[in-house]
Amino acid sequence: MEARKKTAREVERHIVARVGDVPEGEHRIFSVAGREIGIFNVRGEYFALRNRCPHLGGPLCEGEVLGLVYSSKPGDVRFDGSKRLITCPWHGWEFDVKTGQSYFNPRLKARRYTVETSVGEASRERQEAVPENPDELEPGPYKAEVLQVKEEGEYLVVAMPKSTAGRERGAS
Amino acid sequence: MTTPLLEGKSRRELWSGPIIDCDVHANVPSLEALFPYQEEVWAQFARDRGWGGPTGVDIAYPAGAPTTARPEWRSEGSVPASDVAMLREHILEPWDVERAVLNCYYAVDSLRHPDWAAALARSVNDWVVAEWLDKDPRLVASMVVPARDPAAAVKEIERVGDHPRIVQVLMPVRSERLYGQRVFFPIYEAMTRRDLVMGLHWGGTPEGEPSTGGFPSWYAEEYAAETQSYGAQITSLIAEGVFQQFPDMRVAVLEGGFTWVPGWGWRMNAEWKGLRREIPWVDRPPMDIIRDHFRFSIAPIDAGPPQEMAKIIKWIGTEDILMFATDYPHMHNDDVGAFLELLPESMRRKVMADTARDLYRL
């Protein structure tokens, strides 16, 4: 949220896994600096989400990844396989794997991190914008926590804010 | 002038504004009363078979039970609420109602003969128009349909649904199939095209289970369990996407209570958030759909302690959802005055008249 931009925080980079550890179409959960991170391989692109549902703190990344189902009226069931939605195993709520955007409850959105990949010396950064939604579906305001991922050589590297354990949750 | 429901208060002491009574009943006094409104063949069928009318009528309201009609509303030698003079004397005059919505349900569904059931529905509707609507301009009415036969129901809506004072189609809350299912969509199409309200009303086929889990043994169970049938029907209407298919569709929940709605709403909203993809046409939380498309009569109120009732009203989350009803001639002992006092002042006029006026376009 622009209005709540945090002051610049130090970003730490962590080697998490070998590239082959997360096959295409699948996701794996890794423990990184005391935090559980889910790394998703969507058609060769990598995305990372904090394994924590913004709803009630459920293990978000342990859920199934599904395509988007949407509709304009009964009997009209449409499927968008280009959207990949992680469904929290606790309550089934859906979050876009790429952006952390919630879909279902107009009041909920999960926090996201951005994932990067890099090959050798050349580093490409990719900042995922929230994808366009089908007209019929409104994104919710909640966002899952998304992390930056880089592919460096044969490793996946996650960039995330330096741990601030013990820091109080600031009153917003 | 006072009425039994007012417990000694005058109507103006209770409420000085306008009143619309959204649920008063007309009882068909006997099957013979409908014969002038039927083709002779159906009267002959009845005489041949010794059939005196739908069994559901007697089963639903045991004639001697005190709740069937208030003692003041009974008269020797006639069926309570069976002519317009009684209604005038008991409700229209003492309550000084601006408009009343007349519901004559008559259990037409309990007749399974497909042609006779449709003929019975036609005769009830024509009897209501001729014997009630034509005799008092304050009345508007519901029509009945053979609800288990959607094609026949549509024909009947096409036949009488354009009458300027037919405002609602009664659907009994107990049915063999849940009303959200697409087989009923032609009924809703015909209904919404004429701007008619769906009146989800107590009752149903006598061989249909009065609870959602089977046949109860006692009236006490049946009466108490009926709210489950209302819950099942509105859940079905919402989950099946009726309000996305028919955005103008409006439903009046009559004699179903309303205190159970917030608990139902919390559960439905939670299920929707997690399983939205299964019913993707449901485009907003079910409780929002309730607030947009449903209205509930306050007979019965099912009033608990006033402070608890005030919380329930708050939890429902809108002032536009409840409608005053006497449910004449049935006996409820709800204290309407105490109920009005616990409502926010801005809500009283809505409950007593404005919400029903909006719903039924009166």
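Structural notes, computed from the coordinates. (Residues numbered from 1 in each chain as written. Chains lettered and ligands numbered in written order. Predicted model: local features only at pLDDT ≥ 70, side-chain atom pairs only at ≥ 80, totals over all residues. Heavy atoms only, no water.)

Here we look at the sheet that holds strand β3 (residues 35-42) of chain A
Think of a sheet as strands paired side by side through backbone hydrogen bonds, with each pair either parallel or antiparallel.
All names here are of chain A.
Thinking step 1. Taking strand neighbours across the sheet as the criterion, the six strands line up as β1-β14-β13-β4-β3-β2 in an open arrangement whose pairing is antiparallel. A single partner strand is all that each edge strand has here, and the edge strands are β1 (11-18) and β2 (27-32). Strand-to-strand twist across the sheet, computed as the mean angle between neighbouring axes with direction ignored, equals 30°. (Pairing = 2+ DSSP bridges. Helix = DSSP H or I, 4+ residues; strand = E, 2+ residues; numbered from the N terminus. Axes fitted to C-alpha atoms, helices over the stretch in contact; angles between N-to-C directions.)

Remarks on the packing of helix α10 (residues 261-275) of chain B against helix α11 (residues 286-293) of chain B
Residues and elements named next belong to chain B.
Thinking step 1. Where α10 meets α11, the axes come as close as 7 Å, and the angle between the chain directions of the two elements is 130°. If you check the angle between α10 and α11, you find them oblique. Facing Val-261, Trp-264, Gly-265, Met-268, Asn-269 and Trp-272 of α10, the residues of α11 in contact are Pro-286, Met-287 and Ile-290.
Thinking step 2. Its residues assigned to classes, the contact of α10 with α11 shows seven nonpolar, two polar and no charged. (Parallel < 35°, antiparallel > 145°, perpendicular 65-115°, else oblique. Contact = heavy atoms within 4.5 Å. Nonpolar A, V, L, I, M, F, W, Y, C, P; charged D, E, K, R; others polar.)

Concerning the interface of chain B and chain A
Thinking step 1. At the junction of the two partners, chain B supplies 14 residues and chain A supplies 21 residues.
Thinking step 2. The contact between chain B and chain A buries some 1,400 Å² in all, and 58% of this surface belongs to carbon and sulfur atoms.
Thinking step 3. Inspection of the chain B/chain A interface yields two salt bridges.
Thinking step 4. For Glu-94 of chain A, the salt bridge goes to Arg-277 of chain B, with nearest N and O atoms at 3.8 Å.
Thinking step 5. The tally of links from chain B across to chain A stands at three residue pairs in polar contact (both at pLDDT 80 or more).
Thinking step 6. Counting residues per element, the side of chain B that touches chain A draws most heavily on α10 of chain B, which supplies four residues.
Thinking step 7. Taken together, the residues of the side of chain B that touches chain A break down into five nonpolar, four polar and five charged. (Buried area = accessible area lost by both parts, 1.4 Å probe. Salt bridge = Lys/Arg side-chain N within 4 Å of Asp/Glu carboxyl O. Polar contact = N/O pair within 3.5 Å; in protein donor to acceptor, adjacent residues only side chain to side chain.)

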